[in-house]
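For reference, the chains in residue letters:
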Amino acid sequence: MTRDFSKPVKRAALERAGNRCEAVGPLYGLPEGVRCNADLGYGFDFDHVDLWANSRDSSLDNVACVCRTCHRHKTARHDVPKAAKTVRQRDKANGIRSSRAVIPGSRKSKWKRTLDGRTIAR
């Protein structure tokens, strides 16, 4: 399955939008129930409403024509953190751990340093 929307889906979504941004609500940085309605003539993106990494859905039901400002907001504040969390959860479920060495004195170390400078076992 592809991440990109097919041409017929893009055409249908653009026609549905009526040359206005389809972003609605807090997901795009707007108040609840408020639509952006910015003119798409200044540039727009086809956005997966439900994150593609989770849904694998590139149908007309999962596409929105949004202005670049709304798309940037959703990507930075919602999509990237959600995708990162999905990867962390998948890795944890599969028993995959970080390959980084434990830094002495860090919280994962079995040793800790006291305020007076001594090193003691946790």
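Residue numbers restart at each chain and count upward from 1, following the sequence in its written direction. Per-residue local features of the predicted model are confined to residues with pLDDT of at least 70, and side-chain atom pairs are confined, for both listing and counting, to 80 or more; whole-chain, interface and lining totals are unaffected and use all residues. Heavy atoms throughout the structure, all of them, feed into the side-chain values; hydrogens and water do not.

Student: What is the right way to read the nonpolar core from this model?
Tutor: One broad rule of soluble globular proteins: the nonpolar side chains tend to lie buried together. The term nonpolar core refers to a set of buried residues drawn from Ala, Val, Leu, Ile, Met, Phe, Trp, Tyr and Cys, joined through side-chain atoms within 4.5 Å. A 1.4 Å probe rolled over the protein chains alone gives each residue an accessible area, and that area as a share of the maximum for its type sets the label: buried under 20%, exposed over 50%, partly exposed in between. Counting residues in hydrophobic clusters, the biggest one holds 14 residues, and the most contacted among them are Cys21, Ala23, Tyr28, Val66 and Cys70. Numbering goes from the N terminus for both helices and strands, where a helix is a DSSP run of H or I of at least four residues and a strand is a run of E of at least two. Within the residue set of this core, elements represented by two or more residues are helix H1 (7-17) and strand E2 (63-67). Among the elements that line this core, the one with the most residues is E2, at 5 residues. Setting aside residues no more than four positions away along its own chain, valine 66 makes contact with Cys21, Glu22, Ala23, Tyr28, Leu40, Phe44, Asp45, Asp47 and His71. Residue contacts are defined here by distance: any two heavy atoms, one from each residue, within 4.5 Å place the two residues in contact.

Student: What is the right way to look at the environment of lysine 110 in this model?
Tutor: For lysine 110, the location among the structural elements is in the loop between helix H3 (68-93) and strand E3 (111-113). A C-alpha to C-alpha distance of 8.7 Å links lysine 110 and isoleucine 120, two positions 10 residues apart in sequence. If we ignore the near neighbours within four places in the chain, the residues touching lysine 110 are Ile120, Ala121 and Arg122.

Student: Which parts of the structure should I look at to understand the pairing of E2?
Tutor: Along a regular strand, successive side chains alternate from one face of the sheet to the other. Buried residues dominate E2, accounting for 5 of its 5 residues. Of the two faces of E2, the one holding Val63, Cys65 and Cys67 and the one holding Ala64 and Val66 are both buried throughout. Criterion used throughout: strands pair if DSSP finds at least two bridges between them. One ladder, built from 5 bridges, connects strand E1 (residues 44-48) with E2; its direction is antiparallel. Counterpart to aspartate 45 in the pairing with E2 is valine 66.

Student: I keep staring at H1 and nothing clicks. Help me out?
Tutor: Residues three or four positions apart in an α-helix share a direction because the helix packs 3.6 residues into each turn. Turning to H1, its buried residues are Val9, Ala13 and Ala17. Angular distribution of buried residues about the axis of H1 spans 65 degrees; they occupy a single face of the element. Exposed and facing more than 90 degrees away from the buried side of H1 are Lys7, Pro8, Arg11 and Glu15. Of the surrounding elements, those touching the buried residues of H1 are E1 and E2. Throughout, the arc means that of the directions going from the helix axis to the C-beta atoms.

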